[in-house]
Amino acid sequence: MEENDSGRSETFMLDDAIEQVGFGKYQRWLLAYAGMSWTAEAMEMMLLSFVGPAVQVEWQLTGREESLIASVVFGGMMIGAYSWGALSDAKGRRVGFFATAVLTFAAGLLSAISPNYGVLILLRGLVGVGLGGGPVVSAWFMEFVPSANRGLWMVVISLFWTLGSILEASLAWLVMPTLGWRWLLGLSSVPLAILLLFYSVVPESPRYLASKGETEKAFKILQQMAKVNCKPLPKGRLVQAQPLLGDPDSINTSASAVNVEMSDFALTRAVDETRLLDRTGNNGNLDVAKKTTTSSLEQVLSNFRSLLSPPLLSSTLLLWSVFFANAFTYYGLVLLTSQLSGGGTDCRPEEAANTISAASDSGQLYRNVFISSIGELPGLAVAAYIVDRWGRKLSMATLFTLCGASLLPLVHNQPADLTTFLLFGARACIMGAFTVLYIYAPEVYPTSNRSTGLGIANAIARVGGLLCPVVAVELVRSCQQGLAVSLFTAVPVLAAAAVMLFPVETQGKSLTDVVDESSSQ
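As annotated in an unreviewed UniProt entry, the chain is Major facilitator superfamily (MFS) profile domain-containing protein from Physcomitrium patens. According to its UniProt record, the chain has this under Subcellular location (unreviewed entry): "Membrane".

So, the overall build of the chain
On a plain count of helices and strands, the chain comes out with 22 helices and 4 strands. Long-range pairs, those at least 24 residues apart, make up 83% of the contacts in the chain between residues at least 6 apart in sequence. Just so you have it, the chain exposes about 19,700 Å², and 63% of that area is on carbon and sulfur atoms.

Structural notes on the confidence of the model for the chain
Averaged over the chain, the pLDDT score is 77; the fraction of residues at 70 or greater is 79%. Element-level pLDDT for the chain is lowest in helix H13 (residues 264–267), with a mean of 31, against a maximum mean of 95 in helix H19 (residues 392–407). Contacts from residues 242–294, a stretch scored under 50 in pLDDT, to residues over four places away or in other chains number 98 contacts. Counting interchain partners and residues more than four positions distant, the pLDDT-below-50 stretch residues 352–360 has 15 contacts.

Some thoughts on the packing of aromatic side chains
Applying the stated criterion to the full structure yields 23 aromatic pairs. Their ring planes at 90° and their centres at 5.1 Å tell us that Tyr330 and Tyr331 sit as a pair that is edge-to-face. We classify Tyr331 as buried; its relative accessible area is 3%. Every member of this aromatic cluster is reached through a ring pair, and the members are Tyr26, Trp29, Tyr33, Phe97, Phe98, Trp140, Phe144 and Tyr199. Lying across the ring of Tyr199, Arg94 places its NZ or CZ 4.4 Å from the centre. A cation over a ring is seen here: Arg389 above Tyr385, with NZ or CZ 4.0 Å from the ring centre.

A word on the pattern of salt bridges
Within the structure shown, the criterion is met by 6 salt bridges. Put simply, Arg124 and Glu44 hold a salt bridge, and the shortest N to O gap is 2.9 Å. Placement of Arg124 in helix H6 (residues 117–131) and of Glu44 in helix H2 (residues 25–46) is noted, with a sequence separation of 80 residues between them. Here Arg124 matches Glu44 in class, with each residue buried. A salt bridge links Arg93 to Glu143; the nearest nitrogen and oxygen atoms lie 2.6 Å apart.

Side note on the side chain of Thr435
Mapped onto the elements, Thr435 comes out in helix H20 (residues 416–444). Polar contacts involving the side chain of Thr435 include one to the main-chain carbonyl oxygen of Met431, which spans 2.9 Å. Residue contacts for Thr435: discarding those within four places in its chain leaves Met154, Val155, Ser158 and Leu380.

Observations regarding empty space enclosed by the protein
Rolling a probe over the atoms, with the probe sized like a water molecule, indicates the empty space that remains. Using the criterion set out here, one finds 8 cavities of 30 Å³ or more in the structure. Counted as a void, the largest cavity has a volume near 100 Å³. Lining the largest cavity are 13 residues, with Ser37, Thr100, Gly130, Leu131 and Leu192 sitting closest to its centre. When contributions to the lining of the largest cavity are tallied by element, the ones reaching two or more residues are H2, helix H5 (93–111), H6 and helix H7 (134–142). Residue composition of the lining of the largest cavity, by class: 6 nonpolar, 6 polar and 1 charged.

Details of H2
The α-helix winds at 3.6 residues per turn, so residues separated by three or four positions along the chain end up facing the same way. For H2, built from 22 residues, the straight-helix expectation of 32 Å at 1.5 Å per residue is met to within 8% by its first-to-last C-alpha distance of 31 Å. In terms of burial, H2 is largely enclosed, as 17 of its 22 residues are buried.

What to know about the packing of helix H15 (residues 313–339) against H20
Close contact between H15 and H20 brings their axes to 10 Å; oriented N to C, the two are set at 150°. One element, H15, and the other, H20, form an angle in the roughly antiparallel class. The way H15 lies across H20 gives a crossing that is left-handed. On the side of H15, the interface is formed by Ser315, Leu319, Val322, Phe323, Asn326, Thr329, Tyr330, Leu333, Val334, Leu336 and Thr337, while H20 contributes Leu423, Ala426, Arg427, Ile430, Met431, Ala433, Phe434, Leu437, Tyr438, Tyr440, Ala441 and Val444. In terms of residue class, the contact of H15 with H20 is made up of 18 nonpolar, 4 polar and 1 charged.

Reading the values: the criteria
- Residues numbered from 1 in each chain as written.
- Predicted model: local features only at pLDDT ≥ 70, side-chain atom pairs only at ≥ 80, totals over all residues.
- Heavy atoms only, no water.
- UniProt positions renumbered as here; feature names shortened; annotations may be inferred.
- Helix = DSSP H or I, 4+ residues; strand = E, 2+ residues; numbered from the N terminus.
- Contact = heavy atoms within 4.5 Å.
- Areas by Shrake-Rupley, 256 points an atom, 1.4 Å probe, with all protein chains shown as cover.
- pLDDT = per-residue confidence, 0-100.
- Phe/Tyr/Trp six-rings, centres within 6.5 Å; stacked < 30°, edge-to-face > 60°.
- Buried < 20%, exposed > 50% of the residue type's maximum accessible area, 1.4 Å probe, protein only.
- Lys NZ or Arg CZ within 6 Å of the ring centre and 35° of its normal.
- Salt bridge = Lys/Arg side-chain N within 4 Å of Asp/Glu carboxyl O.
- Polar contact = N/O pair within 3.5 Å; in protein donor to acceptor, adjacent residues only side chain to side chain.
- 1 Å grid on protein atoms, 1.4 Å probe; cavity = no way out; pocket = protein on both sides within 12 Å on 5 of 7 lines; lining within 4 Å.
- Points joined across faces, edges and corners; volume = space filled by probe spheres on them.
- Nonpolar A, V, L, I, M, F, W, Y, C, P; charged D, E, K, R; others polar.
- Expected span 1.5 Å × (residues − 1).
- Axes fitted to C-alpha atoms, helices over the stretch in contact; angles between N-to-C directions.
- Parallel < 35°, antiparallel > 145°, perpendicular 65-115°, else oblique.
- Left-handed = near helix turned anticlockwise from the far one by under 90°.

Here it is as structure tokens:
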């Protein structure tokens, strides 16, 4: 906090307020909401392990047609990841999340009544477009969390993803043998319906509002946060540090132009009675939120150029490669679990579908997916323990390397129990790496580019997801298990090397609002 020239009052930044208010009841409510979103997304992704083989048997699909059911979801996510990120940076986190939730829920529910393969592919592709907005919720939640707690609570929110994986495996085990894949698709969309019911009480990110010059609205949310957490806000005026690079709405806005007057007395008054905006600055102060001279498209392009500017270039390119590797490995393991159910068998392509169908009928498929999903729990526990002790980079590199090592024995057929155990270990490690990556990436980017940066990185990740069914399904079905597993072993090891090249370690650092143009990576 700083004292102004006249000594009349102090000023404070948004980070000062969030740190002082701390992590309390307000953030726990946000955690529950964001966590439910991750649960819903995990359920939509995990059902790919069950729907593909079931539809293949019912509609007599080829291996390539079956793999397309998963690939089209990742293709949609690749489109949605950047689109929703850009939308949430331009129009707000709430708007971005609402659009993704509505699309995912509607397409997911309708896919349960698909009359044929073509319609199913179209609707699952739209589900993928909606799921591409998942990082918007992560960015939204993290912008309310103090820096000291950020690593821990992002690990905690990942527990909801694991919960979704376990719930989907349990639901499939209960529903698939009797009611079939259509009921599984329909019931898996229920969590999103619950989220939409509570959407009206979801607050906008105060960090986003401040970055747009809407300091008055940001201050109101901070007041609400302080009241719920029973903590006082800092004394003085809330100020925006400086215009944000890539944010055309703030080009003519100075630090003194957007500030909020606050005193001890103001804390005891109703929000609508508090003097929120200091009008002693220049005459353009009250028009910040009304500027419309720059189109949303120009803002999106400006944000994209910022990601490739010298201060962020190295981090951006390396993050793209690691996001690709993470998604390729994680979702590949999800699909590989169903393909390797039954353990080592003679390689006979014409019998592959019958082998998986038999495993499904006996419950072995559901058992194996359930066990491997539970493997994410120890992975999260390890990530929570090491992320703030070892740092983001070393934690990710270690977990990626262990994941590759766990998969190496599966180059050759192994007994069923050993196969399940190795997949359990690999799933634990990749989930831990996945979690730390989602902590690290938002910490690298400033507020004005955070959702766009995450969105593009996730779009790159979906390329990995798009390709993994070809490896996990088609190669295994065509008797090339050794090649398939070799790829799944090599990719995380290469990701570990890329992680160690990251130019920034973000452990313990506050989120930034601006790009430091004086430095390059």
